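Observations on the three-dimensional arrangement
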Amino acid sequence: MNRIVDVLVVGSGMAGLMAALTAASRGKKVRMLTTGMGSLAISGGNIDLLGYVDGKYAPDPWAGMDLLPTGHPYRLMGQENVRSALNFFQQHMSSQQWGMQSAASSDGQARNVHTPTIMGTLKPTYLLPEKVNVDALTSARRVLVLSVEGLRDCRPALVVSQLRRYKAWADREFLQLTVPSPLGEAHRSASALDLARLVDRPQSRQWLMEALAAYAGSCDLVLLPPLCGSKAQPENWQTIENAAGCPVVEMLSIPPGVGGLRLRDALLRALRDYNFEMVENAKVLRAETSGNTCKALVAEASGQERRHEARTFVLATGGILGGGLELAPGKIRESVMGLDIAAPADVEQWASPDLFGKHFFASAGVRVDSTMRPMDSQSAARWSNVFFAGRSLGGYDYAAEKSGHGVAVATGWQAGRMAATASEGER
């Protein structure tokens with residue numbers, strides 16, 4: 001554990017896994033320190049690249065990027081690099097049999113697609129699992145909406161009533177079905193993850209197969225919660241579609257994020273092909289630096305402190321909710337390197353009176369250059385071998401933009417490849 005690695009990554013969310021995979025694929029020794037799963041634990045499993053710019057829907061996220069402020073991570077990286085990051089991600093997902101696809105417009109250009117949620121709303125997203133029949137979302141005329149008794153917050157009647165508010169869904173014919181819970185009446189309220197784990201096992205999925213078989217051939221599309229298995233195994237989805245006799249699309253749901261866990265499963269499988277190790281339940285306590293270089297991070301795991309030396313470091317520790325940014329009255333501080341984030345002294349300026357307006361806290365974070373190195377007040381790189389990725393970055397509002405996983409994939413890739421290159425100079 002004391003040996004020096006090329007790249008030390010902190011955080012195992014989407015940005016951290018992408019940074020680790022990128023650096024490891026370039027032949028570097030990578031170690032990851034993690035205390036949890038990051039946003040993947042609550043993710044729907046799609047990649048939202050850019051859904052809105054200044055509150056306006058962006059059907060073409062690439063055109064929308066040109067309208068973003070210069071400090072936005074996408075603008076810092078440039079579209080060419082963002083495309084390269086997505087391509088890298090898609091290639092590795094395909095290698096693990098969990099390919100990710102984008103929808104295409106009539107002229108063949110990639111675009112956003114609106115995907116249903118269990119609340120009956122539509123959410124713009126860019127990359128979806130290849131098993132999702134995107135065309136069926138627009139062409140299906142007879143739609144079965146399915147849920148399971150005891151499944152929290154998923155009511156077919158609500159889904160149907162809300163979807164009818166949208167012009168594209170208003171004139172469709174809907175059927176509603178609530179399947180008895182396979183867990184029994186005495187079981188606590190079920191989650192989608194509980195049910196997805198049952199579907200993982202052929203002997204435990206018959207309850208769903210029989211329910212769908214009764215409607216086989218009578219519908220053009222089945223909408224259901226994320227039940228098609230808890231792992232990145234496309235055969236589970238195919239089995240369910242075979243029983244339904246038509247395309248099956250999972251609605252985006254509340255946590256736990258079954259779709260996000262599938263992404264994590266595929267990315268970790270990809271990392272097994274490289275020189276990679278993960279240290280779980282390791283909380284970083286402090287950084288050891290000398291001048292403009294970080295020498296090591298000290299982390300606590302199993303009640304013991306350990307010093308982790310590396311040539312380069314990637315911090316993908318999340319934002320305010322993830323613990324990557326720490327709040328104090330009138331102050332924001334990055335949690336590992338101790339960077340102070342410029343913030344209004346008056347906390348009332350941190351949020352807008354308009355619920356859907358621009359909030360300072362939503363886009364606060366570490367200011368970086370195009371290589372993802374943190375910058376000081378003079379706009380120079382604060383440390384030569386430290387890189388940031390994901391939600392710890394400032395300059396974007398992932399919730400308002402619907403850009404969370406897109407920024408994580410892009411900046412994780414950028415930080416990982418820059419750290420890999422910098423590690424060669426640190427030898």
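Keep in mind the model is a prediction, meaning the values are calculated, not measured.

**Things to note about the overall build of the chain**
- From N to C terminus, the chain includes 14 helices and 21 strands.
- Expected size for 427 residues packed as a compact globule is a radius of gyration near 22 Å; at 22 Å, the chain falls within 12% of this value.
- Counting only C-alpha atoms, the chain reaches 70 × 45 × 45 Å along its principal axes.
- Put simply, the chain has 427 residues, and 53% of those count as buried.
- If you sum the accessible surface of the chain, you get close to 18300 Å²; carbon and sulfur atoms cover 48% of it.

**Some thoughts on empty space enclosed by the protein**
- Going through the model one piece at a time under the given rule, you end up with three cavities of 30 Å³ or more.
- Taken as a whole, the largest cavity encloses approximately 160 Å³ of empty space.
- Lining the largest cavity we find 21 residues, and of these G44, N46, E250, M251 and L252 sit closest to its centre.
- Secondary-structure elements contributing two or more residues to the lining of the largest cavity are strand 9 (127–129), strand 13 (248–250) and helix 11 (258–271).

**Describing the packing of aromatic side chains**
- Inspection of the entire model under this criterion finds four aromatic pairs.
- Pairing W62 with Y126 gives two aromatic rings, centres 6.0 Å apart and planes at 80°, and the pair type is edge-to-face. Residue W62 is located in helix 2 (residues 61–65), and its partner Y126 is located in the loop between strand 8 (122–125) and strand 9; the two are separated by 64 residues in the primary sequence.
- When the ring of W169 is compared with that of F174, the centres are 6.3 Å apart and the planes differ by 15°; the resulting orientation is stacked. Neither residue differs from the other here; W169 and F174 are each classed as buried.
- R172 extends its terminal NZ or CZ atom over the ring of W169, reaching a point 3.8 Å from the ring centre.
- One Lys or Arg, R391, reaches over the ring of Y396 and ends 5.4 Å from the middle of that ring.

**Quick notes on the state of the cysteines**
- Within this structure, the stated rule accounts for zero disulfides.
- In this structure C219 is not part of a disulfide, and its nearest cysteine sulfur, from C246, lies 5.8 Å away.
- Residue C219 is classed as buried on the basis of its relative accessible area of 6%.

**Observations regarding the sheet that holds strand 6 (residues 110–111)**
- An order of 6-5-9 is seen for the three strands of this open sheet, with the pairing classed as antiparallel. The open sheet is flanked by strand 6 and strand 9, the only strands paired with a single partner.
- Bridge count between strand 5 (residues 100–104) and strand 9: three bridges; the pairing is antiparallel. By the bridge assignment, M100 is partnered in strand 9 with P129.
- Each of strand 5 and strand 9 touches helix 4 (residues 79–95); the most contacted strand, strand 5, lies at about 125° to it.

**Looking at the nonpolar core**
- Of all hydrophobic cores here, the largest spans 136 residues; its most connected members are M14 and F89.
- Setting aside anything within four residues of it in sequence, one finds M14 in contact with L40, I47, F89, L263, L267, H405, A408 and V409.

**As for the pattern of salt bridges**
- Taken as a whole and judged by the stated rule, the model has 14 salt bridges.
- R31 serves as the salt-bridge partner of E277, at 2.6 Å between the closest nitrogen and oxygen. On the criterion of sequence distance, the pair formed by E277 in strand 14 (residues 276–280) and R31 in strand 2 (residues 30–34) is long-range, its members being 246 residues apart.
- On the basis of relative accessible area, E277 is assigned to the partly exposed category, the value being 22%.

**Section: the layout of surface pockets**
- Approximately 350 Å³ is the volume found for the second largest pocket.
- At the level of elements, strand 20 (340–341) and helix 12 (360–363) are the ones that each hand at least two residues to the lining of the second largest pocket.
- Grouping the amino acids of the lining of the second largest pocket by side-chain chemistry returns nine nonpolar, six polar and three charged.

**Looking at the sheet that holds strand 20**
- Strand order in this open sheet of three strands is 18-19-20, and the pairing throughout is antiparallel. Of all the strands in the sheet, just strand 18 (325–328) and strand 20 have a single pairing partner and so form its edges.

**Brief notes about helix 8 (residues 192–199)**
- Within helix 8, seven of the eight residues are buried, leaving the element largely enclosed by the surrounding structure.
- For helix 8, every residue scored as buried is listed here: A192, L193, D194, L195, A196, L198 and V199.

**Concerning the environment of A85**
- Along the chain, A85 turns up in helix 4.
- Exposure remark for A85: the relative accessible area of 0% places this residue in the buried category.
- Sequence separation of A85 and P226 is 141 residues, and the distance between their C-alpha atoms is 27 Å.
- In this view, A85 contacts M18, V409, A410 and W413; residues no more than four positions away in its chain are not counted.

**With respect to the environment of R205**
- For R205, the position within the fold is in the loop between helix 8 and helix 9 (206–213).
- Accessibility expressed as a relative area gives 9% for R205, which makes it buried.
- Residues R205 and C228, spaced 23 residues apart in sequence, show a C-alpha to C-alpha distance of 9.8 Å.

Calculation notes
Residues numbered from 1 in each chain as written. Predicted model: local features only at pLDDT ≥ 70, side-chain atom pairs only at ≥ 80, totals over all residues. Heavy atoms only, no water. Helix = DSSP H or I, 4+ residues; strand = E, 2+ residues; numbered from the N terminus. Rg over C-alpha atoms; globule rule 2.2 N^0.38 Å. Buried < 20%, exposed > 50% of the residue type's maximum accessible area, 1.4 Å probe, protein only. Areas by Shrake-Rupley, 256 points an atom, 1.4 Å probe, with all protein chains shown as cover. 1 Å grid on protein atoms, 1.4 Å probe; cavity = no way out; pocket = protein on both sides within 12 Å on 5 of 7 lines; lining within 4 Å. Points joined across faces, edges and corners; volume = space filled by probe spheres on them. Phe/Tyr/Trp six-rings, centres within 6.5 Å; stacked < 30°, edge-to-face > 60°. Lys NZ or Arg CZ within 6 Å of the ring centre and 35° of its normal. Disulfide = S-S within 2.5 Å. Pairing = 2+ DSSP bridges. Contact = heavy atoms within 4.5 Å. Axes fitted to C-alpha atoms, helices over the stretch in contact; angles between N-to-C directions. Core = buried A, V, L, I, M, F, W, Y, C linked by side-chain atoms within 4.5 Å. Salt bridge = Lys/Arg side-chain N within 4 Å of Asp/Glu carboxyl O. Nonpolar A, V, L, I, M, F, W, Y, C, P; charged D, E, K, R; others polar.

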